[in-house]
Amino acid sequence: MRTAKKRLAASFASAVAVFGCAAATFTRSLERVSTMDPAQGRSVYDARAQRLVYKSVLEVDYHARPYRVAPCACGLPMVSDDGLAYRFEVIDGELTADDVVRSLERLRDPAAVSPNKWVLNDVDSISAVDSRTVDIRLKRKCHYFPWLMTMPAAAVMKSDGSGTGAFVLDSWWKNHEMVFRRRQPVPGMFDEVRYVVVDDVSTQWLMFLKGETDFLGEISRDNWDAVIGPNGELDPALAKSGVKLYSIPTLDTMYIGINMRDPVLGGNKKLRQALNAAFDYPAWERFYSGRITKAGGPVPPGIAGFLDEPFEYSFDLEKAKRLMAEAGYPGGIDPATGRRLVLTLAIGRASQDSREAGELVAAFYEKIGVKLELSFQTWDAFLKSVNEGRVQLYRMGWVGDYPDAQNFLQLFHSANTSPGPNHSNYESEEFDKMYDMALAAATADEREECWRGCQRILREDCPWVFTHFNKSNMLVRPTVGNYVPSVFPYGAEEHYTVMETR
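Participant: Can you lay out the overall build of the protein chain for me, pointing to particular residues and giving the numbers?
Facilitator: Scanning the protein chain from terminus to terminus reveals 15 helices and 21 strands. For the protein chain, the C-alpha radius of gyration of 24 Å lies close to 23 Å, the compact-globule estimate for 502 residues. Overall size of the protein chain, expressed as C-alpha extent along the three principal axes, is 70 × 65 × 40 Å. Of the contacts made within the protein chain by residues no fewer than 6 positions apart, 69% connect residues no fewer than 24 positions apart.

Now the structure itself:
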């Protein structure tokens, strides 16, 4: 540890000169962006890039905590007494009501085949009253509807496809680099935002240390103990230089999805339960250096309606072995072949970290006799295979779009099967009924009890292997001012100021 800290201090000392001058370009590493079309965005990385260019109907207030909805392309809506009619006034002078209507309608246009059409599942009609007024009528009450209008998918485009966000896309070297230029220069703010694709997290760390990036959203496991002390404090060498550490819980739920249409897994609940019980969370937490929280379902702690009850299929190796036998695979042997059961886990990137994580999961399942084969794919190919149901198991995460249990539980409603967000193609009449009761509930207490009922059903059916919730630890260089950590970071770069440093 002491040697690692000395290397850290020496490396940082050689980079201090870089911090001495403010830059007009904010640079950070980011995963690959697949599309700049808000109707086609499938990942948080797509959303980050899109939100720089396009304003959504509404947005999440950058500074307010607890989080709240704020005006963006439109002002806050007027809502009818029955909760079914929303009236929006367009406040962006470059946009019209027709722009809003056209942009939203693209999400549910059958020809577009948008993976984000679920955002408008509860919308009956969208109409322009006049050039500045939009009326949206819902099919049923939707208590979280304003939050949906903050999503990057609810972006508003002009008739030529351009946006009115703070930035324009200046250049895009796909899978390598994206550069966004501010539409109108603002004194004291960054003129450019630069996203660079760097797969290796250790390389990301070295780039930050050398001053090549201004922000680090992930600290590699190899560097964690050298950078962060046992009490969660930042290493003194970094703190002295002006680097700041921010740590917050997130709305990221991570999981191993199970394709319920797979002939082996879909109809065998005991097998799915066994895969959960064999998942060694203590070892998983050590792998992630304690930067995660245990999951026993899809809804993160802190969300109203979170089910705070023990998960029956948490790690228990002996129970997992019993469940394997009850599933028809005693000792992991497939009676149809007399050989070990072989399952395949699809992974959407081939970084060192994802490889090591996949190998660790394979080691977990080895202990119950299951051979887990890893299939590494490009992100685009991975999403395509998941959406087309050509996977057995797949490793994925869901980044909460808004702080409501519905946002996570919608991932299991039968109306949202692929290419919608229900990538596991889970279908349960019991779950759907409980979910729909929650949406129709007259009070928050009734709704939250329904949400807990939904989670009990999922915990028994196990359409996922529930792995963990992320904690977010960010390092920010002293060149960046007005940084406020958020679980909704879309478009946040618009607010960053360029700081003079020592």
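Participant: Pulling in residues and values, what's your account of helix H11 (residues 352-366)?
Facilitator: Between its first and last C-alpha, H11 extends 21 Å over 15 residues, near the 21 Å set by a 1.5 Å rise per residue. Within H11 the residues assigned to the buried category are Asp353, Ser354, Ala357, Gly358, Val361, Ala362, Phe364 and Tyr365.

Participant: Let's hear about unusual backbone geometry: which residues, and what values?
Facilitator: Put simply, arginine 65 and proline 66 share a cis peptide bond, and its omega is 5°. Positionally, proline 66 belongs in the loop between strand E2 (58-60) and strand E3 (69-71). Proline 419 follows serine 418 through a cis peptide bond whose omega is 15°. A positive phi angle, close to 70°, is found at asparagine 175, a residue other than glycine. Residue position: asparagine 175 is located in the loop between strand E8 (167-173) and strand E9 (177-182). By relative accessible area, asparagine 175 is classed as partly exposed at 38%. Non-glycine residue asparagine 425 carries a positive phi angle of around 55°. Mapping asparagine 425 onto the fold places it in the loop between helix H13 (405-409) and helix H14 (429-440).

Participant: Tell me about the pattern of salt bridges, and please be specific about residues and values.
Facilitator: This model, assessed by the stated rule, comprises 27 salt bridges. The salt bridge partner of arginine 340 is glutamate 366, with a shortest N-O separation of 2.9 Å. Highlighted residues: arginine 340 in strand E15 (residues 339-340) and glutamate 366 in helix H11, separated in sequence by 26 residues. Residue classification places glutamate 366 among the partly exposed positions, given a relative accessible area of 44%.

Participant: Could you give an account of the environment of histidine 468, with specific residues and numbers?
Facilitator: As for its placement among the helices and strands, histidine 468 is situated in strand E19 (residues 464-476). You can call histidine 468 buried: its relative accessible area is 2%. Sequence spacing of histidine 468 and serine 103 is 365 residues, and the spatial spacing of their C-alpha atoms is 35 Å. Not counting residues up to four positions away in its chain, the partners in contact with histidine 468 are Asp252, Thr253, Met254, Tyr281, Trp284, Tyr288, Ile292, Thr293 and Ala295. Side chain to side chain, histidine 468 and tryptophan 284 meet in a polar contact 3.0 Å long.

Participant: Help me get a handle on the packing of H14 against helix H15 (residues 444-461), residues and values and all.
Facilitator: Helix packing geometry: the angle between the two helix axes and the distance between the axes. The contact between H14 and H15 brings their axes to 8 Å, and the two run at 165°. Put simply, H14 runs roughly antiparallel to H15. Read as a crossing pair, H14 and H15 show a hand that is left-handed. For the pair H14 and H15, the contacting residues are Glu430, Phe431, Met434, Tyr435, Met437, Ala438 and Leu439 in the first and Arg447, Cys450, Trp451, Gly453, Cys454, Ile457 and Leu458 in the second. Its residues assigned to classes, the contact of H14 with H15 shows 11 nonpolar, one polar and two charged.

Participant: Outline helix H3 (residues 97-107), supporting the account with residue identities and numerical values.
Facilitator: Residues that lie three or four places apart on an α-helix share one face, since the helix turns once every 3.6 residues. Listed in full, the buried residues belonging to H3 are Ala97, Asp99, Val100, Val101, Ser103, Leu104 and Leu107. Where H3 is buried, its residues touch strand E6 (123-130) and strand E7 (133-138).

Participant: Would you mind going over the nonpolar core in detail, with residue names and values included?
Facilitator: Ranked by internal contacts, the top residues of the largest apolar core, which has 135 residues, are Met149 and Tyr365. Top contributing element to this core by residue count: E19, with six residues. Apart from residues lying up to four places away in sequence, tyrosine 365 is in contact with Leu275, Ala278, Phe279, Val370, Leu372 and Val465. Phe208, Trp224, Ile228 and Leu475 belong to the second-largest nonpolar core, a separate cluster that totals 12 residues.

Participant: So what about the side chain of arginine 182? Which residues, and what values?
Facilitator: Its location among the elements puts arginine 182 in strand E9. Summary of buried charges: arginine 182 has no salt-bridge partner, and the nearest side chain of opposite charge, aspartate 191, is 5.4 Å away. For arginine 182, the side chain forms a polar contact with the main-chain oxygen of glutamate 494, separated by 3.3 Å. Once residues within four sequence positions are removed from consideration, arginine 182 is found in contact with Ala166, Phe167, Met189, Phe190, Asp191, Glu493 and Glu494.

Participant: Mind laying out the sheet that holds strand E4 (residues 78-79), listing which residues take part and the relevant values?
Facilitator: Read from one edge of the open sheet, four strands run E4-E5-E7-E6, paired in antiparallel fashion. The sheet is open, and its two edges are formed by E4 and E6, each paired on a single side. Where strand E5 (residues 85-89) lies against E7, five bridges are found, and the strand directions are antiparallel. Of the residues in E7, the one forming a bridge with glutamate 89 is threonine 133. Sitting on the sheet, H3 is in contact with E6 and E7, with an inclination near 160° to E6.

Participant: Please set out the packing of aromatic side chains residue by residue, giving values where relevant.
Facilitator: Overall, the coordinates contain 32 aromatic pairs when judged by the stated rule. Residues tryptophan 205 and phenylalanine 208 carry aromatic rings whose centres are separated by 6.2 Å and whose planes lie at 25° to one another, so their mutual orientation is stacked. Taken together, the residues tryptophan 205 and phenylalanine 208, both in helix H5 (residues 201-209) and three residues apart, mark about one turn of the helix. Residues tryptophan 205 and phenylalanine 208 agree in their burial class; the two are buried. When the centroid spacing of 6.3 Å and the interplanar angle of 65° are considered together, the rings of tryptophan 284 and phenylalanine 364 count as edge-to-face. Of the two residues, tryptophan 284 sits in helix H9 (residues 281-287) while phenylalanine 364 sits in helix H11, which places them 80 residues apart along the sequence. Each of the two residues, tryptophan 284 as well as phenylalanine 364, counts as buried. In this structure an aromatic cluster arises from ring pairing among Tyr255, Phe311, Tyr313, Tyr394, Phe412, Tyr426, Phe431, Tyr435, Trp451, Trp464 and Phe466.

Each value, and the rule that gives it
- Residues numbered from 1 in each chain as written.
- Predicted model: local features only at pLDDT ≥ 70, side-chain atom pairs only at ≥ 80, totals over all residues.
- Heavy atoms only, no water.
- Helix = DSSP H or I, 4+ residues; strand = E, 2+ residues; numbered from the N terminus.
- Rg over C-alpha atoms; globule rule 2.2 N^0.38 Å.
- Contact = heavy atoms within 4.5 Å.
- Expected span 1.5 Å × (residues − 1).
- Buried < 20%, exposed > 50% of the residue type's maximum accessible area, 1.4 Å probe, protein only.
- Salt bridge = Lys/Arg side-chain N within 4 Å of Asp/Glu carboxyl O.
- Polar contact = N/O pair within 3.5 Å; in protein donor to acceptor, adjacent residues only side chain to side chain.
- Axes fitted to C-alpha atoms, helices over the stretch in contact; angles between N-to-C directions.
- Parallel < 35°, antiparallel > 145°, perpendicular 65-115°, else oblique.
- Left-handed = near helix turned anticlockwise from the far one by under 90°.
- Nonpolar A, V, L, I, M, F, W, Y, C, P; charged D, E, K, R; others polar.
- Core = buried A, V, L, I, M, F, W, Y, C linked by side-chain atoms within 4.5 Å.
- Lys, Arg positive; Asp, Glu negative; His and termini not counted.
- Pairing = 2+ DSSP bridges.
- Phe/Tyr/Trp six-rings, centres within 6.5 Å; stacked < 30°, edge-to-face > 60°.

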